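Structure assessment
Okay, here's what each chain looks like letter by letter:
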Amino acid sequence: MANDFFPVERNRYFYGKLLTVKDFEAEQNYNRNKHRFSNIVMNGAGVVYGLGVTVHDNTTLLIESGFAIDYDGQEIVIEEPLIRKLPMIEGYEDIVDSNSAWLGISYEEEAIKPVNAVNTGNTGNSEFNMMREGYKLFLTAEKPDFKEILESNGYKNVSTIYSADNLSMVIAVDDIVVSGRDLEVHVLIVKDYDTPPVNFVLSGESEFTEDGSITLEYSQGTTEKRQCLIVDLPVSINGVSEYNGQLFSRDVELNLNIGTRHYKNYIKIQAEVSAAASEQDAEELRRSRDNLAEHIREKNVPIYLSKIELIHSTASVFINSLTDLPFDQKVRRLNGGGGKSGGMMEVQTTVRKLDYWQKPDVKSSFNPKNGKLSLDFGIPTPEQYDYSVCHGVVDLEMPGGIKVNSRFYSEEIPHGLGAGTVDVRLSIEFLTAENEKALLFGNKEVFKSKSSGVNPPWAEAGAVVYPERGTMKIGVWLHDTVEGNRIRVHFFAQKPERDTDRIYDKSKPVVRIIPEVTRLSAGDRMHFRAIVDGSDDKGVTFSIVEEGGGVIDVNGVYQAPEQSGTYEIIASSTADPDVSASAYVIVE
């Protein structure tokens, strides 16, 4: 990949330069490679947000919209949620004989919009005019390279400690630890859905601990549903500072229980660890070890969105269970290096709505145990206004005689909006050549042209408003003779109102559920989508009215009960729990 970025060369333009396709491609590649380079070294690779995968029904997946950056720094966008049956996804033929499959996503682009072209060298005399950037979803039964995935995600000292058809275990050890703090050891466990719960004990000699030994234990609970998980196992490091060496002095004993089966072996774990006396010393170590080559090295790793467990029948392949984002491939904010040893910090943000008159504020808290920074932002809502409006007509009498350059005024009249500042617009009524009533706003000179088709009177209107009395006076200045002895003026007044009950009523959210009515067989699944309008908070809480009417999760994925009947699903707005919508499921 480094050859794509270096040397950094860009076009130099000068008068008389002959530009060819090669020059324009160089211009595009310079900007694209700069952008990819920034993505990789500043953000890393993985899912930025969204792209969650759920089971729509036993043969269909629902992929949420979202954004990801692949390991080449290219951006992957799914702009709208997708519903895809397994046979519709590339690679389906490869999984029909497998018990599990991996759903991946990768960047893909295609040439589009063919146009006529000369001297292209092809028989059609045409070329594609545009490149469309997109993505490719694919299924594969091939087991991923777990070690490469962890290393690409920034984990250090990665090695495989167990590998079989139904279970794989890969260990990663942070390469830097501050004396007196815990060293993080991570174990990736990948198993099939019918593999029994896993229990293991890793024990070995170590010079990093006071008693000279390390024991790592893990016992998987029966309620754990994920088929891929990363287990964090802290090791207490005491009394050691400024020491470099292998975490384990000799081979490590692995005692593994898979259900009732027991496995024992001695394995070699290469884990070079440096102990630092302080966090400052640890940071200096990270900076000294971090280098550009590590960030831009070629990583032939796709982004895996889910691990799917399959059930086969004579006619089709069905989804048994699903593990979303199995390797936790997410974009992380790193401090100096990759993975856990690079000082990964998780930032969680929440936003509170304040009244428009309140001052903005920020509350923060940091948990040093898990490195999580929580920020709570209080943001004032914009000052809201609504408007009362009023329309009226005033007839100004014009005595006989010369009217050119004459001025006429009304009496003081109420505008109808009460006391306070109002905005008044005036127009002068006239008849067109077709004897149709029309209103003139602004300057008549705009229409002083034969092509305009209208000839308004040459007059200007003005108003004086008295805010304390809620009244006004209207005047007209004639620049030319006007037929008749009366001129009619229309006034349009509006008055701003702040934070009225009417504004509050308009701001109430409205909830809709799609679909509103559906039929399902017993035990089937359906994804209900809740749409919230009229509120910045788009969240809803799902519930089922009838007891025993099935189950629905926070994402709206509903599973029908075995008992037939009609059941009501309610989605209540989190912004206003009193606002809700209903959908009905007929279970047959």
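Residues numbered from 1 in each chain as written. Predicted model: local features only at pLDDT ≥ 70, side-chain atom pairs only at ≥ 80, totals over all residues. Heavy atoms only, no water.

1. Observations regarding the packing of aromatic side chains
Enumeration over the complete set of coordinates arrives at eleven aromatic pairs. Between W102 and Y304 the ring centres are 5.9 Å apart and the planes differ by 70 degrees, which places this aromatic pair in the edge-to-face class. On the criterion of sequence distance, the pair formed by W102 in strand 7 (residues 100-116) and Y304 in strand 20 (residues 303-312) is long-range, its members being 202 residues apart. You can call W102 buried: its relative accessible area is 3%. Residue classification places Y304 among the buried residues on the basis of a relative accessible area of 8%. Among the aromatic side chains, those forming a connected cluster through ring pairs are W102, F146, Y304 and F327. Between the NZ or CZ atom of R469 and the centre of the ring of Y466, over which it lies, the distance is 4.4 Å. (Phe/Tyr/Trp six-rings, centres within 6.5 Å; stacked < 30°, edge-to-face > 60°. Helix = DSSP H or I, 4+ residues; strand = E, 2+ residues; numbered from the N terminus. Buried < 20%, exposed > 50% of the residue type's maximum accessible area, 1.4 Å probe, protein only. Lys NZ or Arg CZ within 6 Å of the ring centre and 35° of its normal.)

2. A short note on the environment of Y304
Sequence separation between Y304 and I149 is 155 residues, and the spatial gap between their C-alpha atoms is 9.8 Å. Leave out the neighbours within four places in its chain, and Y304 touches W102, L103, G104, P144, I149, L325, P326, F327 and Q329. (Contact = heavy atoms within 4.5 Å.)

3. A few points about the sheet that holds strand 5 (residues 75-78)
If you walk across this open sheet you meet the three strands as 1-4-5, and the pairing is antiparallel. Here the strands that pair on one side only, and so sit at the sheet edges, are strand 1 (46-50) and strand 5. Sheet twist, expressed as the mean angle between neighbouring strand axes with direction ignored, is 15 degrees. Sheet topology note: the strand 4 (residues 66-69)/strand 5 ladder contains four bridges and is antiparallel. Paired with I69 across the two strands is E75, which belongs to strand 5. (Pairing = 2+ DSSP bridges. Axes fitted to C-alpha atoms, helices over the stretch in contact; angles between N-to-C directions.)

4. Let's talk about a nonpolar patch on the surface
Side chains of F6, V8 and L292 sit close together on the surface and give an oily, nonpolar patch of about 240 Å² of accessible area. Along the polypeptide, L292 turns up in helix 5 (residues 292-296). (Patch = residues over 30% accessible without salt bridge, like charges linked within 9 Å, V, L, I, M, F, W, Y side chains within 5 Å. Areas by Shrake-Rupley, 256 points an atom, 1.4 Å probe, with all protein chains shown as cover. Salt bridge = Lys/Arg side-chain N within 4 Å of Asp/Glu carboxyl O.)

5. Some thoughts on the pairing of strand 18 (residues 261-267)
One ladder, built from seven bridges, connects strand 17 (residues 252-258) with strand 18; its direction is antiparallel. Bridge pairing in strand 18 places L254 opposite N265.

6. Concerning the sheet that holds strand 35 (residues 525-527)
Pairing is antiparallel across the open sheet formed by three strands, whose spatial order is 35-39-38. With partners counted over all chains shown, the strands left at the sheet margins are strand 35 and strand 38 (551-552), one partner each.

7. Overview of the side chain of S427
Of note, S427 is situated in strand 28 (residues 423-431). For S427, a relative accessible area of 1% gives the class buried. Other than its neighbours up to four places away in sequence, S427 contacts L439, L440, F441, R488, V489, H490 and F492.

8. Points about the pattern of salt bridges
Enumeration over the complete set of coordinates arrives at 20 salt bridges. Across the pair K264 and E253 runs a salt bridge whose closest N-O atoms are separated by 3.8 Å. Note that K264 is positioned in strand 18 and E253 in strand 17, a separation of eleven residues in sequence. Relative accessible area serves as the criterion here: at 46%, K264 is assigned to the partly exposed category. E412 is the partner of R469 in a salt bridge, and the nearest nitrogen-oxygen pair spans 2.7 Å. Highlighted residues: R469 in the loop between strand 30 (459-466) and strand 31 (471-478) and E412 in the loop between strand 26 (407-409) and strand 27 (413-414), separated in sequence by 57 residues. Within the structure, one salt-bridge network assembled from shared partners comprises R181, E279, E283 and R286.

9. Some details on the nonpolar core
Counting 43 residues, the largest nonpolar core has L61, I63, L103, I303, L305 and F327 as its most contacted members. If sequence neighbours within four positions are ignored, I303 has contacts with G46, V47, A68, I69, D70, Y71, I76, L103, G104, I105 and Q329. In this structure, Y162, I171, V173 and V187 belong to the second largest nonpolar core, which totals 34 residues. (Core = buried A, V, L, I, M, F, W, Y, C linked by side-chain atoms within 4.5 Å.)

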